[in-house]
Amino acid sequence: MKHLLSIDDLGPEGIEAILDLSESFSEVTQREIPKVPALRGKTVVSLFYEDSTRTRISFETAAKRLSADTMSFTISSSSVKKGESLLDTVQTIEAMGIDAIVVRHHAAGAPHRIAQWTDASVINAGDGRHEHPTQALLDCFTLRRHRGPSLAGSRIAIVGDIRHSRVARSNVKAFAALGAEVTLVAPPTLLPESLAGWPASVSYDLDAVLPDVDVVYLLRIQRERAEASRFPSLREYTARYGLTVERAARLKPDVLVMHPGPMNRGVEIAAEVADGPASLVREQVANGVAVRMAVLYSLLGSSSAYPRAAG
Ligand code: NCD
């Protein structure tokens, strides 16, 4: 595998292989010196055309823990402000001699274009409303640790702004590939125009779905992507679709709560629920580093199945 652009690049076996490798790297991240020489001499560039806190830091931490060199490119302090095209930017970066580009872009498909222009490996760190494959992998990893070894039969509700969510697109595919049953829960205005090909069922009624689920996966209301207001008010949204304290109290005792962040506390998730015992939010972030180490190693490392240094 040269690039990771979509969950489709992996398939069920590919996903499982990354998750297994992530377990080895998770062990590395627990060590006193959480670093292995696996990617010494390789250079990983992050190219972020959109704001990000956790994804960018997570990838850079992952690259550093594999002993790769890292370069970081932020548009606000670059020649993009002077009108440089994506192609010119990519060719300039490539001329420095690099091995991987981690790209986040507001346009769906931008990482696919970049992959056609460069010899480096390209990793999609979120493109428009399209995909965010490493988020899906870290969520599968986190869930497998709690509900594994298999996700077969796990019932997962993905709740909220599905329409604008690249996380939903990648996660539905990945969860379904591992055998989970996924239900999308949202008002009709926050669902995509077509759900053809989505391996999931749909409901507009969160209260009807909650008694039957094992996992509630909440999404942020993406105010920056919504063309016009798609619901009457945030208060109304919370009343019908928020995981409030009252709703959380009605869940089965072992139900898990997830969110990719950044959270709108008090909108899609109550602060008490986000910080409560059912919440995996912080584990998701922590696991992101190990999973991104596994992705970088799979694309750039030697052809052996397991990292010697981590074994
Ligand atoms: C998400 C993203 O940017 O796609 N966040 C993330 O990467 N953890 C989701 C979001 O912005 O709501």
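Please read these numbers as outputs of a predicted model, since none were measured by experiment. (Residues numbered from 1 in each chain as written. Predicted model: local features only at pLDDT ≥ 70, side-chain atom pairs only at ≥ 80, totals over all residues. Heavy atoms only, no water.)

Q: Would you explain the confidence of the model for the chain in this entry?
A: Interpreting fine coordinate detail is not advised for predicted regions of low pLDDT. When pLDDT is averaged along the chain, the result is 93, and 96% of the positions lie at 70 or above. Throughout residues 303-311 the model reports pLDDT below 50, and contacts reaching past four residues in sequence, or to other chains, amount to 17 contacts. (pLDDT = per-residue confidence, 0-100. Contact = heavy atoms within 4.5 Å.)

Q: Would you mind going over the packing of helix 1 (residues 11-30) against helix 5 (residues 133-147) with me for this structure?
A: Between two packed helices, both the angle of their axes relative to each other and the distance between the axes serve to describe the pair. Following both chains from N to C, one finds helix 1 and helix 5 inclined at 70°, their axes separated by 10 Å at the closest point. In terms of orientation, helix 1 and helix 5 fall into the roughly perpendicular class. On the side of helix 1, the interface is formed by Ile15, Glu16, Ile18, Leu19, Asp20, Ser22, Glu23 and Ser26, while helix 5 contributes Leu137, Cys140, Phe141, Arg144 and Arg145. Its residues assigned to classes, the contact of helix 1 with helix 5 comprises six nonpolar, two polar and five charged. (Axes fitted to C-alpha atoms, helices over the stretch in contact; angles between N-to-C directions. Helix = DSSP H or I, 4+ residues; strand = E, 2+ residues; numbered from the N terminus. Parallel < 35°, antiparallel > 145°, perpendicular 65-115°, else oblique. Nonpolar A, V, L, I, M, F, W, Y, C, P; charged D, E, K, R; others polar.)

Q: Could you clarify how one ought to interpret the domain arrangement of the chain in this entry?
A: Interface size is commonly expressed as the accessible surface area that is lost when the partners come together. We note that the domain assignment places domain 1 (7-131 + 285-310) and domain 2 (133-281) within the chain. Every contact between the two is made by 31 residues of domain 1 and, on the other side, 27 residues of domain 2. Both faces considered, domain 1 and domain 2 share a buried interface measuring about 2,600 Å² in area, 56% of it formed by carbon and sulfur atoms. When residues of domain 1 are sorted by the area they lose upon contact with domain 2, Ile7, Leu19 and Arg129 head the list and together hold 27% of the total. Connecting domain 1 to domain 2 are six salt bridges. With a closest N to O distance of 2.9 Å, Glu50 and Arg166 form a salt bridge. Among the secondary structure elements, those contributing two or more residues to the side of domain 1 that touches domain 2 are helix 1, helix 2 (54-65), strand 3 (100-105), strand 4 (121-127) and helix 11 (281-300). (Domains from an automatic or database assignment. Buried area = accessible area lost by both parts, 1.4 Å probe. Salt bridge = Lys/Arg side-chain N within 4 Å of Asp/Glu carboxyl O.)

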